[in-house]
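Examination of the molecular architecture
Here are the chains, one letter per residue:
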Amino acid sequence: MWFVNMRKKLLLGNWKMNKLASEAKQFAVASSSLVEKAKLHNIDLGVAPTYLSLSIVKENANKDMIVAAQNVHFNSSGAFTGEISIPMLKEFGINWALIGHSERRTYDNETNEKCHAKITALIANDMVPVYCVGETLSQFEANRTKEIVERQVREGLKDLTSALVKNLVVAYEPVWSIGTGKNASTEIAEEVCKFIRDTLKDMFGDVADEIRILYGGSVKPENIRAYLSCPNVDGALVGGASLKIDSYEALLDNIM
Ligand code: PEP
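Here's what I pulled together on the structure shown here. Note that the coordinates shown come from a computational prediction; the quantities given were computed from them, not determined experimentally. (Residues numbered from 1 in each chain as written. Predicted model: local features only at pLDDT ≥ 70, side-chain atom pairs only at ≥ 80, totals over all residues. Heavy atoms only, no water.)

**Some details on the overall build of the chain**
The helix and strand inventory of the chain stands at 11 helices and 8 strands. In summary, the chain has a C-alpha radius of gyration of 17 Å against a globular reference of 18 Å for 256 residues, a match within 12%. In terms of its C-alpha atoms, the chain occupies a principal-axis envelope of roughly 45 × 45 × 35 Å. Counting every position in the chain, which comprises 256 residues, the buried fraction comes to 50%. Across the chain, the fraction of contacts at a sequence separation of at least 24, relative to all contacts at a separation of at least 6, is 71%. Side-chain charges of the chain comprise 29 positive and 32 negative groups, with the mean position of each set lying 2 Å from the other. (Helix = DSSP H or I, 4+ residues; strand = E, 2+ residues; numbered from the N terminus. Rg over C-alpha atoms; globule rule 2.2 N^0.38 Å. Buried < 20%, exposed > 50% of the residue type's maximum accessible area, 1.4 Å probe, protein only. Contact = heavy atoms within 4.5 Å. Lys, Arg positive; Asp, Glu negative; His and termini not counted. Charge placed at Lys NZ, Arg CZ, Asp CG, Glu CD.)

Dropping the structure here:
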């Protein structure tokens, strides 16, 4: 039987702790025509700026540019110094958030349990979580990739239903390939993304075929096409190569 992949491709740039608001604004303005180009090819484009640049990017980017937060708190208000809540994001029209990025798991004690609370709160507020999962180098070398990723998926998404996870995005990012220039092969990317889809199928049934799974980790204009031609890779979460408009445009051009 022919399988027609109906999932729309997604290119999402994670800016991490980079760019002043003025620089973010410049990028947003310059990216407008790229969003139009992407639309013609049925591709979603987005960026995840720092909290301080979210509103300036939202105001200055093409209205179809996805603007995502890099994190969020699961409570809607209260005594949580330094945190930002879902209603605060929504007030600025921000409807997407990265959850469980490996840098947050490493430096900010972001556990699967915390990710679960954040994902549940986002979905309850009609927002789109981009749930990041992936193994460390020592786990990869010990052949534990699937065990680790399965636990992250099952614990992060427990108690949700198929109706609730429809808009979820999952990003497979092997920690050893983030910002290191060491790429996972396309075979590894496809094998793990397929494994994630099979796990989602086991948890939620056929809706798993609608959930977008991204690959992330040293994705560059030169290698993005190979990753996106894997049947279970529906897009890319890109750090370094998403920071400059030329390189972001080259990423887009190379998947069209
Ligand atoms: C990331 O930050 O999610 C990422 C994949 O970074 P890079 O593309 O720089 O490896």
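**Things to note about the pairing of strand 2 (residues 43–48)**
For strand 2, a buried count of 6 out of 6 residues is recorded, marking the element as mostly surrounded by other parts of the structure. Residues Ile43, Leu45 and Val47 line one face of strand 2 and the alternating positions Asp44, Gly46 and Ala48 line the opposite face, and both faces are buried. The sheet contact formed by strand 1 (residues 9–14) and strand 2 spans 6 bridges and is parallel. Bridging from a neighbouring strand, Leu11 pairs with Leu45 of strand 2. As paired strands, strand 2 and strand 3 (residues 66–69) are joined by 2 bridges and run parallel to one another. Note on strand 3: the bridge partner recorded for Val47 is Val67. Crossover connection from strand 2 via helix 3 (residues 51–60) to parallel strand 3: handedness right-handed. (Pairing = 2+ DSSP bridges. Right-handed = clockwise from strand over helix to strand, strands pointing away.)

**Quick look at the nonpolar core**
The biggest cluster of nonpolar side chains holds 65 residues, and the ones touching the most others in it are Leu11, Leu45, Met65, Leu157, Ile196 and Leu200. Here this core takes 6 residues from helix 9 (residues 186–204), the largest share from any one element. Leu10, Cys132, Ala171 and Leu237 belong to the second largest nonpolar core, which has 14 residues in total. (Core = buried A, V, L, I, M, F, W, Y, C linked by side-chain atoms within 4.5 Å.)

**A closer look at unusual backbone geometry**
One non-glycine residue, Lys16, lies in positive phi territory at about 50 degrees. Position of Lys16 among the secondary structure elements: in the loop between strand 1 and helix 1 (21–30). Look at Asp126: it is not a glycine, yet its phi comes out positive at around 55 degrees. When you line up the elements, Asp126 lands in the loop between helix 6 (112–124) and strand 5 (128–133). The exposure class of Asp126 is exposed, given its relative accessible area of 67%.

**With respect to the packing of aromatic side chains**
Per the stated rule, a full pass over the model turns up 5 aromatic pairs. A centroid spacing of 4.4 Å and a plane angle of 35 degrees characterise the contact between Phe140 and Trp176, whose relative ring orientation is tilted. Placement of the pair is Phe140 in helix 7 (residues 137–141) and Trp176 in the loop between strand 6 (169–172) and helix 9, with a sequence separation of 36 residues. Relative accessible area serves as the criterion here: at 27%, Phe140 is assigned to the partly exposed category. A relative accessible area of 10% means that Trp176 is categorised as buried. Ring centres of Tyr172 and Tyr215 lie 6.2 Å apart, and the angle between their planes is 55 degrees; on these two criteria the pair is classed as tilted. Of this pair, Tyr172 sits in strand 6 while Tyr215 sits in strand 7 (residues 212–216), and the two are 43 residues apart along the sequence. In textbook terms, an aromatic cluster arises when at least three aromatic residues are bridged by ring pairs, as seen for Trp15, Phe27 and Tyr248. (Phe/Tyr/Trp six-rings, centres within 6.5 Å; stacked < 30°, edge-to-face > 60°.)

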